[in-house]
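Spelled out from the first residue to the last, the chains are:
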Amino acid sequence: MDRYQIYGMRSPEESDRERINRLLARRTAAEGMVLLKNEGVLPLKQKRIALYGAGARKTVCGGTGSGDMHSRRNVSIEQGLINAGYEIPNSRWLDRFDRDYDRKESEWRKGVEERIQDYTIDRVLEMFQVIYAAEPFRFPVGDRIEEADLAEGTDTAVYVVARQAGEGADRKVEPGDFLLDQTERWNLEYLTEHYEKVLVVINCGGMVDLTFLDELPGIGAVLFYGQGGTEGGNAFGDLVSGKVTPSGKLADTWAMKYDDYPSGEEYLAVTPDTREEDYGEGIYVGYRYFMTYGVKPRYGFGYGLSYTAFSFRMTGFTQENGKGCILAEVKNTGTAYAGKEVLQAYAAKPWGKLDHEAISLVGFVKTRNIAPQGSAEAEISFEMRDLASYDEGGAEWFLEKGEYGIYLGTSAQEAEPVLVLTVEAETVIEKNQNICKSGHSVITPKPSYSVSEYDRNLPRYLVDTKALGCRVHDYEKPAVRVGKEVRGLTDSLYTEELASLCAGGGQFGKTLHITPGAVGWTTMDLAEKGIPNVNFADGPAGLRLVPESVIEADGTMKYLNALPREQRWGCVKKMESQALGNPEKGTAVYQYMTAWPAGHVQAQTWNTALLEEMGRAVGGEMLETGVTLWLAPAMNIHRNPLCGRNFEYYSEDPCLSARLAAAVTRGVQSHPGVGVTVKHFCCNNRETNRQHISENLSERTLREIYLRGFRYVVENASPKGIMSSYNRVNGEYTVNSYDLLVKVLRCEWGYEGLVMSDWGSTGEGKASHALAPGAGNDLIMPGGEEVVKDLIRALSEGRISREELEWCASHVLNLIYDSAVITSGRPG
C-alpha cells in the first residue's frame, strides 16, 4: 500500500488527545449553558434527585445532518448527575421512556425503509438529508408521570425537555417542537405539586416556548442546556453541583411568544414549493427589533444568571488609529462563589439620513474567574468604522453626523450609556458598488423610535474621522497570488485537467490520501502529475469522520464491526457483508473525534480565548486524520428561531458571530497546512426549499446584517476556505453570483483563499455548473465526472473561458500545495 497514505490511529484505545480534548469540551459546554431562572433551586443541595423528561437519559448531544458527530461516547444528563455524586432513586419513568423511544424509532425506520428498499449503500448516504427532510424522526416526549414514578426522600425534581432538529428540515410551531406537548405541560404541573424545588432543563438546539413559566410559578429554575456535545452531561453536573458557576449568556433574544418575532409570519408561510421570501424586517433582527420597536422579550440578548453577583464601572476610554478602547473594572460582589462575567458594549447611532436600531453590539469581553469580593480589569476594543451604516443610494459606508451613545452592561436590555462619541460632520469611510440588485423592493416599516438625549455629565469624545480615511475599491477582477509550486502550473494543464481541478473528486471511492469518512476531496485525476487530493471533513461540532474502518490493500475503505447509524437500514444490511472489512486483510483505522458543544452553545460562552483553544484542538485532530479543510465554522444569522440548523450557527448578531468564528479560525489555522471553510455564504437562514428559494432583502440589510460577520472573519482571520450557500439572493444563486464571490469577497474584502460550493448545490433545476467558475466559485462540490464534462462542454461553447478555469484552478492548487499532506510528508 505504498501508494496510499492512510491517516488516523492504529489502536482502538482512547488516546491522550481524546482525554485532553474531552476536558476542554467539558469546560466549553459548562461556559455555554445559560441559567435563565433561579429562585433558590441551584446549586442542588439535595443529593437525591427525582429525574424525568425525554432528554434525561437520551440527552440530545447535537443536531442531525452534517453537524452530527460519531464520538466514542456521550455523557447524558443522568450520567452527569451520577458522576457528580447525585442519586437517582427511581428510574421507572426513564425506563418506560426508553421502551417508548425505541418503539417509535423502530416504527419510523420501518416507514423510511419502505421508501428506500432498493437503495444501495452509497445511495442511502447520498440521500440521507433528503430522507430526513421528508420524514424527520420526531423526538418523543414520553407519557404522564405516575404516582409510582415519584422519588422518595427528596424535595427536588429535574425535568429535561428535549428536541431534535437538523439539516434538511425546519422546526414547527407545534406541540412537541417549539411548543410544549400537553403531556409535558401536565408532567410539569404534577411535579410542582409534589416537589418543593423543580428545575426545568431545555435540551434543544434552539428555543422553545416558555409560556408555561407564567402558568406554573412552582418551577423555580430553568437552565438552557442546549446541545452540549460529548461531555455535556458532566458539564451539567459541574454546574448544578456548584463546582462551576454559570457564566453563559444568551446569543439570541427569547420572545414572550413566537408571534413577537418580526420574521415569524413570513417564515411560517414558506413551503417546499415557495420560491421567494422577503426579509421585510430589514436590519431589525433579534434584539435590534425588540429594543427599537419596544417589544418586551422574556429573556434578552446577552442575558444569563450566575450564582454570584457582579458590579462594574468604566475607568477610562482611549482612541487611537481608528479604534476605541473601553477600560473597566468588574467586581464579584458575592461572598460564596467565584465566577466569570461578560461585559458588553453597544452603540446607539444618531438618526439622520437613515433610521437605525436602538443599539447594536460593538464589542465584549469575558473576565477571568473572579473570587468573591475580588475584581478584575477588563478592556473592550472596537473599530470606529463599526459605527458606520450603509447608504444604498450612494453605495457607501458613512458615519452620521451627531452623538453616538456607547452603552455598557451585562445584557442588551440592561446596558446603560457610559460615554458619548461625537462625529462633527457626515463622513464617508468607504466607497462601494451596488450589489445583488433585486427585481422588486423589500420595504421595512420605519420604526417610531426616539433617539435618547444623553446626560450632560457623561464623558464626551470627538471621533477622529481623519484616522478612518476613505476606502475606494478597485473592482477589476484580481489576479491570483500563487506560490512557487503553482506558478506556471496551470499553463501546462490540459482543459480536461483544469476542469477536474474545479470540480471535487466525488463523495465515494478511492483516494491517494485516505481519511475514512471525509465528506469530499479534490480530484484524484492528476495524481500521476504529482497533484494529490486533499480531504474535507464536515463540521462544525467537530470532525465528522468514520470512527472505525479498514483500508484494504487496493485503497478501498470498508467499515469495521458495524455500519454508521445513518446507514443501518434493512435494505443496506442485506449488503453489510460487502461493506464490512477484515482488519487481517488491511489496515484498521480509528478516528474517534471530539464532539464539541454545538455552535449555539459555543456562542453562549462569549469567550473568544476559549473558542480559539477549541480551534487549536480541532486543528490538531485535522493533522492526525489528514483533513485539510474543516467545513466550519457556520455563521449564518439566527433570523428566526425555527431554522433547523440554528444549532450549528452562533447567534442573531453579526458582531458576536464574527468574533467567535474568527477565534475558531485563528485556532485551527495556528497549525500550518490546515484550515477552516467559513459557511454558508450567505443568507442560508432556513432549510425548507433551501436549494431553490430566493432570499430577498435590501442591500443595506444584506451588508449590515448578513455579510458583516463574514467580512470580519475574512479581514481579521484569513480563512483558507469559504463555502457558498444553496439559496438564491435577490433572484441569483450565490454559487453564480459574481457580485458576492468576486466584487465583495475579492475586491472589497481582499479575500485570497478558496471558494467552494455546498454539496450538490449545482445541477439541473439548481445553480449552474457552467456559470460557477466565471462567478468566482473555484470548486464545485462534491463534483464528479458529470460536472467535469459540463465544464468542458461550457468551455467549448464559449460560456466560460480557459482564463476563468485557470483563475479558479489556481486557488485550488494554492490550497493543495499549502496543505499539510504536502508540506509535512507522511502522516504522523
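See the structure shown above.
Residues numbered from 1 in each chain as written. Predicted model: local features only at pLDDT ≥ 70, side-chain atom pairs only at ≥ 80, totals over all residues. Heavy atoms only, no water.

The subject of this paragraph is the sheet that holds strand β4 (residues 156-162). If you trace the 5 strands from one edge of the open sheet to the other, you get β2-β6-β5-β4-β3, paired in mixed fashion. Lying at the two open borders of the sheet, with one neighbouring strand each, are β2 (34-38) and β3 (50-52). The mean angle between the axes of side-by-side strands here comes to 15 degrees, regardless of whether they run parallel or antiparallel. When β4 meets strand β5 (residues 197-203), the two strands line up parallel, connected through 7 bridges. Note that in β5 the partner of A162 across the bridge is N203. Most of the contacts of helix α5 (residues 182-194) go to β4, to which it runs at about 170 degrees, and overall it touches β3, β4 and β5. (Pairing = 2+ DSSP bridges. Helix = DSSP H or I, 4+ residues; strand = E, 2+ residues; numbered from the N terminus. Axes fitted to C-alpha atoms, helices over the stretch in contact; angles between N-to-C directions. Contact = heavy atoms within 4.5 Å.)

Right, let's get into the packing of helix α1 (residues 16-32) against helix α7 (residues 232-241). Axis separation between α1 and α7 bottoms out at 8 Å; the angle between their running directions is 55 degrees. Considered as vectors, α1 and α7 are oriented oblique to each other. The way α1 lies across α7 gives a crossing that is right-handed. In this structure, α1 contributes R26, A29 and A30 to the contact, and α7 contributes G232, N234, A235, D238 and L239. Broken down by class, the residue content of the contact of α1 with α7 amounts to 4 nonpolar, 2 polar and 2 charged. (Parallel < 35°, antiparallel > 145°, perpendicular 65-115°, else oblique. Left-handed = near helix turned anticlockwise from the far one by under 90°. Nonpolar A, V, L, I, M, F, W, Y, C, P; charged D, E, K, R; others polar.)

Looking now at the nonpolar core. Membership of the largest hydrophobic core comes to 159 residues, with the highest contact counts inside it found for L36, L199, F236, F681, L702 and L740. Ranked by residues supplied to this core, first place goes to helix α15 (residues 654-668) with 8 residues. Contact partners of L36, with chain neighbours within four places excluded, come to L210, V222, F224, L250, W254, Y299, Y303 and L305. In terms of nonpolar packing, the next biggest core, distinct from the first, is built from 49 residues, I531, C747, I800 and Y817 among them. (Core = buried A, V, L, I, M, F, W, Y, C linked by side-chain atoms within 4.5 Å. Buried < 20%, exposed > 50% of the residue type's maximum accessible area, 1.4 Å probe, protein only.)

With that settled, consider helix α17 (residues 708-717). What α17 keeps buried is the set G709, F710, R711, V713, V714 and A717. The first or second residue beyond α17 is S718, which carries a positive phi of 50 degrees.

It is worth spelling out the sheet that holds strand β12 (residues 375-383) at this point. Within a beta sheet, neighbouring strands are joined by backbone hydrogen bonds and run either parallel or antiparallel to one another. Sheet architecture is open: 3 strands sit in the order β8-β9-β12, paired in antiparallel fashion. On the outer flanks of this sheet lie β8 (310-320) and β12, each paired with one strand and no other. Recorded for the sheet is a direction-independent mean angle of 20 degrees between the axes of neighbouring strands. Bridging between strand β9 (residues 323-332) and β12 involves 9 bridges; their strand directions are antiparallel.

On to α15. Compared with an ideal rise of 1.5 Å per residue, which puts 15 residues at 21 Å, α15 spans 21 Å between its outermost C-alpha atoms and is within 8% of the ideal. α15 sits mainly inside the fold: 14 of its 15 residues count as buried. (Expected span 1.5 Å × (residues − 1).)

As a further point, take the packing of α15 against α17. Taken N-terminus to C-terminus, the directions of α15 and α17 make an angle of 30 degrees; their axes are 8 Å apart at the nearest point. The element α15 and its partner α17 pack so that their crossing is right-handed. Across from P654, A658, R659, A661, A662, T665 and R666 in α15, the residues of α17 making contact are R708, G709, Y712, V713, N716 and A717. Class assignment of the residues belonging to the contact of α15 with α17 gives a composition of 7 nonpolar, 3 polar and 3 charged.

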